[in-house]
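If you want the building blocks of each chain, they are given just below.
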Amino acid sequence: MRLEDNIQNIKGIGEKTAQQFGRLGISTVGDLITYYPRSYKKYSEPVSVAEVSEGDRVAVFCKVVSYVEERRGRRYNITSLSASDSTGSLRMVWFNKPYLKSQFHKGESYIFYGTIKIKGPMRVMEMPEFFTQFNYQKMLSTLRPIYPLKSGITNNSITRAIEQLRDTVLTLHDYLPEDIIEQYGLMRRGEAIMRIHFPDDEEGLKDAIKRIALDEFLEFLINVRKLKEKTVVESNHHKINDEAKVKRDGFIAGLPFSLTEGQKAAVEDITRDLESDYMMSRLIQGDVGSGKTVVAVIALLMNAISGYQGALMVPTEVLAMQHYEDISKMLKPYKITVRLLTGSMTAKDKRTVYQELKDGICDIVIGTHAIIQDATEFKELGLVITDEQHRFGVKQREKLAEKGDMPNILIMSATPIPRTLAIILYADMDISVIKDMPADRKSIYNCVVGTDYRPAAYKFLRERVGAGEQVYVICPMVEESETVDAENVINYSEDLQEKLGSGVRVSYLHGKMKESEKHEILENFVKRDIDVLVSTTVIEVGINNPNATVMMIENAERFGLAQLHQLRGRVGRGSLQSYCIFINVKKTEESMERLKVLEESNDGFFIASEDLRLRGPGDFFGIRQSGDLNFRIADIYKHADMLRLAQDLSLIIDDI
């Protein structure tokens, strides 16, 4: 079977199933085999109840010692029972699984597998799996892939389909020369893909992930090299004029604050690029809150004064709306027309913006991916700016640039990538770094604490809300079921509402919600209609709320340091004192060393370097660093050695 063949050629996949796979972005054989698991489940030897601690994911062999109880919660049905061994007891709790009532009987013994939570004096397992001793023995030490799923498709349906493609995958052409494979001890491409989906053991899985990471880096760097070959000597068709520089100076002088040295240097770099003979291709890399947006506004102003159109593309509708409102006010004295373009706008409103862009009436458009849709045409696009570059792939960046006659390109990123790696990843770009922070920004107070600090933390949250401030609480995606992040966040928010009381308005947010729901919740949070927002990492970028002053991150030890720093960047965005509480559930020496880096520093670039130093070979069974330039498997910190190898190979390999 060929990679480009439709998945309906696979036995057992008919038209309806193919449509369900299509919702996951899978339509061809190639799509299917590269739809990698997001994590793995590993079953371990059972332990006694006395040995377990909060946050442990364990198996326990227990006898059912109570009748099964059912009750109705506010959002779901709750089924529960008590089970114990000779050392202690646990409460088992399931949500929306009423059929389990007939499954269990007092006196029967099972192996229960799940994550331990402490609720008052009680140890609880929520949504545990359960097995007979015989069945669990077969599961021991196996690694089971967990895929990102949508309704209608299960983990088993994906693995069954891929199993049928074993011969196709194992005979895939390997573009790497044999001597390179042997020299670096790499797994062959086909074997690596199969091991990703069907791992025999941890070591084999790590070798497979290492090879796939190399492939992803190499494909990215080859695309970057081709982009560079197309743009590096392109003439600048959109030079700024002298009036633009005069207006720039007036704009800067009229700001209610002084630019930092880093901002001034970035503005000078951009000005020099925009008046040069060659088109600009520049990355502005600045820590969270370093003031990159005002630099972008200055670039858009100079571009508009010189008679060209500008586009600013951001990752979320809420952020697009915030930028639109702020930038419109800032540029109002210059009679520059600014418009918003997002997916949720009505067809009529979109058509109006499309026409204004085509006619040249609109000088600056701010929006999301809607900007790069086919319907968008510009009269004279001179400058393209993308915010949070890692949210947009190279192809999307190229598509936006193609909307004009080789417009100047400016990219802004708050992802704290060490300079040594940034030079590789952005080989087609000049780099400006904003290291200093605006004078009115106060350093965030950080603390790393154990689970016994939670009552004090909840008291602190109530105090900050009472003072009129707002709070984020971040929950990790714990793999307890195939709809894990939603259930985990909903659960937590309900418990938190009870603890904080009815006077505090708690809401939740997760990635499985519709875009319109997410947008509405984030808008309500910005409008202060929500006091505490419980969320997964979906809020990592894309919202600016200066009134949010506290972030509490549960299971902080499960995240990469760079991602924790990105999350922390959602607070400390105004003049109010802000705080970040890292709940370290595991309390191991290694996790304490890592989290102490965040407790002692707010410098993203230092944290990124420490992340690189401390990661080591990595743990592939926790939460992977997310958001790094759209890679499915690769992690620029964990797989830095493969990134450097990919840099060397990209010079001798033309395509994958």
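Position numbers for residues start from 1 in each chain and track the written sequence from start to end. pLDDT decides what is reported in this predicted model: residues at 70 or higher carry local features, side-chain atom pairs at 80 or more are listed and counted, and totals for whole chains, interfaces and linings draw on all residues regardless. Only hydrogens and water are set aside when side-chain values are computed; all heavy atoms of the structure are taken into account.

1. Points about the environment of Ser281
Here is step 1: Turning to its location among the elements, Ser281 is positioned in strand E10 (residues 281-286).
Here is step 2: Burial classification: accessible surface area is computed with a 1.4 Å probe over protein chains only, and a residue below 20% of its type maximum counts as buried, one above 50% as exposed, and the rest as partly exposed. Taking relative accessible area as the criterion, Ser281 reaches 12% and is therefore assigned buried.
Here is step 3: When the C-alpha positions of Ser281 and Ile411 are compared, they lie 8.0 Å apart, and in sequence the two are 130 residues distant.
Here is step 4: Throughout, a contact is declared for two residues whenever any of their heavy atoms are within 4.5 Å. Excluding residues within four positions of it along the chain, Ser281 makes contact with Ile409, Asp428, Met429 and Asp430. Here a helix means four or more residues in a row that DSSP labels H or I, a strand means two or more in a row labelled E, and each is numbered from the N terminus.

2. Topic: the confidence of the model for the protein
Here is step 1: Confidence of the predictor in every single residue is expressed as pLDDT, which spans 0 to 100. For the protein, the average pLDDT comes to 87, and 93% of its residues sit at 70 or higher.
Here is step 2: pLDDT under 50 marks residues 478-487. Its contacts with residues more than four places away, or in other chains, come to 31 contacts.
Here is step 3: Between residues 617-628, whose pLDDT stays under 50, and residues either more than four places distant or in other chains, the model counts 43 contacts.

3. Some points on the layout of surface pockets
Here is step 1: Only protein atoms enter the 1 Å grid used here. Points where a 1.4 Å probe fits but cannot escape make up a cavity, open sets with protein on both sides within 12 Å along at least five of seven lines make up a pocket, and a residue lines them when an atom lies within 4 Å of a point. Grid points are joined across faces, edges and corners, and a volume is the space filled by probe spheres set on the points. Estimates place the volume of the second largest pocket at around 940 Å³.
Here is step 2: If you trace the second largest pocket, you find 38 residues lining it, with Gly291, Thr293, Val294, Arg441 and Asn544 closest to the centre.
Here is step 3: Every element with two or more residues in the lining of the second largest pocket is listed here: helix H11 (292-305) and helix H12 (317-331).
Here is step 4: No other element matches H12, which puts 6 residues into the lining of the second largest pocket.
Here is step 5: Note that Gly is not counted as nonpolar here; it falls among the polar residues with everything else outside the nonpolar set of Ala, Val, Leu, Ile, Met, Phe, Trp, Tyr, Cys and Pro and the charged set of Asp, Glu, Lys and Arg. Taken together, the residues of the lining of the second largest pocket break down into 16 nonpolar, 13 polar and 9 charged.

4. Focus: the packing of aromatic side chains
Two descriptors summarise a pair of aromatic rings, namely the distance from one centre to the other and the angle between the planes of the rings.
Here is step 1: Between the rings of Phe, Tyr and Trp (Trp by its six-membered ring), a pair exists once the centres lie within 6.5 Å; its type follows the angle of the planes, with under 30 degrees stacked, over 60 edge-to-face, and the other angles tilted. Summed over the entire model, instances satisfying the criterion amount to 18 aromatic pairs.
Here is step 2: Ring geometry for Tyr43 and Tyr136: centres 5.8 Å apart, planes at 90 degrees, overall edge-to-face. Residue Tyr43 is located in the loop between strand E1 (39-42) and strand E2 (57-64), and its partner Tyr136 is located in helix H3 (residues 133-139); the two are separated by 93 residues in the primary sequence. We note that Tyr43, like Tyr136, is buried.
Here is step 3: Residues Phe104 and Phe130 carry aromatic rings whose centres are separated by 4.8 Å and whose planes lie at 65 degrees to one another, so their mutual orientation is edge-to-face. Here the residue Phe104 occupies a position in the loop between strand E5 (88-95) and strand E6 (109-119), and Phe130 occupies one in strand E8 (residues 129-131), the gap between them amounting to 26 residues.
Here is step 4: Here Arg166 stacks its cationic end above the ring of Phe198, 5.4 Å away from the centre of that ring. Note on geometry: a ring has a charge over it if NZ (lysine) or CZ (arginine) is within 6 Å of the ring centre and within 35 degrees of the ring normal.

5. Let's talk about the pattern of salt bridges
Here is step 1: Salt bridges, as used here, are contacts in which a Lys or Arg side-chain nitrogen is within 4 Å of a carboxyl oxygen on Asp or Glu. On inspection of all chains with the given rule, the structure shows 33 salt bridges.
Here is step 2: One salt bridge in this structure joins Glu69 and Arg91, with 3.1 Å as the shortest N-O distance. Remark: Arg91 occurs in strand E5 and Glu69 occurs in strand E3 (residues 69-72); sequence separation between them is 22 residues.
Here is step 3: The class for Arg91 is buried, based on a relative accessible area of 13%.
Here is step 4: Here Arg195 ties to Asp200 by a salt bridge, and the two come within 4.0 Å at their closest N and O atoms.

6. Some words on unusual backbone geometry
Here is step 1: Despite not being glycine, Met127 has its phi angle at roughly 55 degrees, a positive value.
Here is step 2: On the accessibility criterion, Met127 (8% relative accessible area) is buried.
Here is step 3: Even without a glycine there, the phi angle at Asn555 is positive, about 50 degrees.
Here is step 4: Along the chain, Asn555 falls in the loop between strand E21 (548-553) and helix H19 (561-568).
Here is step 5: Under the relative-accessibility criterion, Asn555 is labelled buried at 16%.

7. Concerning the pairing of E21
It is a general feature of regular strands that their side chains alternate between the two faces of the sheet.
Here is step 1: The buried count for E21 comes to 6 of 6 residues, which makes it a mostly enclosed element.
Here is step 2: Sheet topology places strand E18 (residues 470-474) next to E21; 5 bridges connect them, and they run parallel. Looking across to E21, one finds that Ile474 is bridged to Ile553.
Here is step 3: The pairing criterion for strands is at least two bridges between them, as found by DSSP. Two elements, E21 and strand E22 (residues 579-583), share 4 bridges in a ladder whose sense is parallel. When the sheet's bridge partners are listed, Met552 is paired in E22 with Ile581.
Here is step 4: If you view a crossover with the strands going away from you and the path from the first strand over the helix to the second runs clockwise, you call it right-handed. Once you follow E21 into H19 and on to E22, the crossover reads as right-handed.

8. Structural notes on the sheet that holds strand E14 (residues 381-387)
Here is step 1: Within the open sheet, the 7 strands sit side by side as E12-E13-E11-E14-E15-E10-E16. Their pairing is parallel. Strands with a single pairing partner mark the edges of an open sheet, and in this sheet they are strand E12 (338-341) and strand E16 (430-434). Across the sheet, the axes of successive neighbouring strands diverge by a mean angle of 20 degrees, strand direction being ignored.
Here is step 2: Bridge count for E14 against strand E15 (residues 408-413) is 5 bridges, and the pairing is parallel. Across the sheet, the residue bridging to Asp387 is Met412, located in E15. Convention adopted: a line fitted to C-alpha atoms gives each axis, helices being fitted over their contacting stretch, and angles between N-to-C directions are expressed from 0 to 180 degrees.

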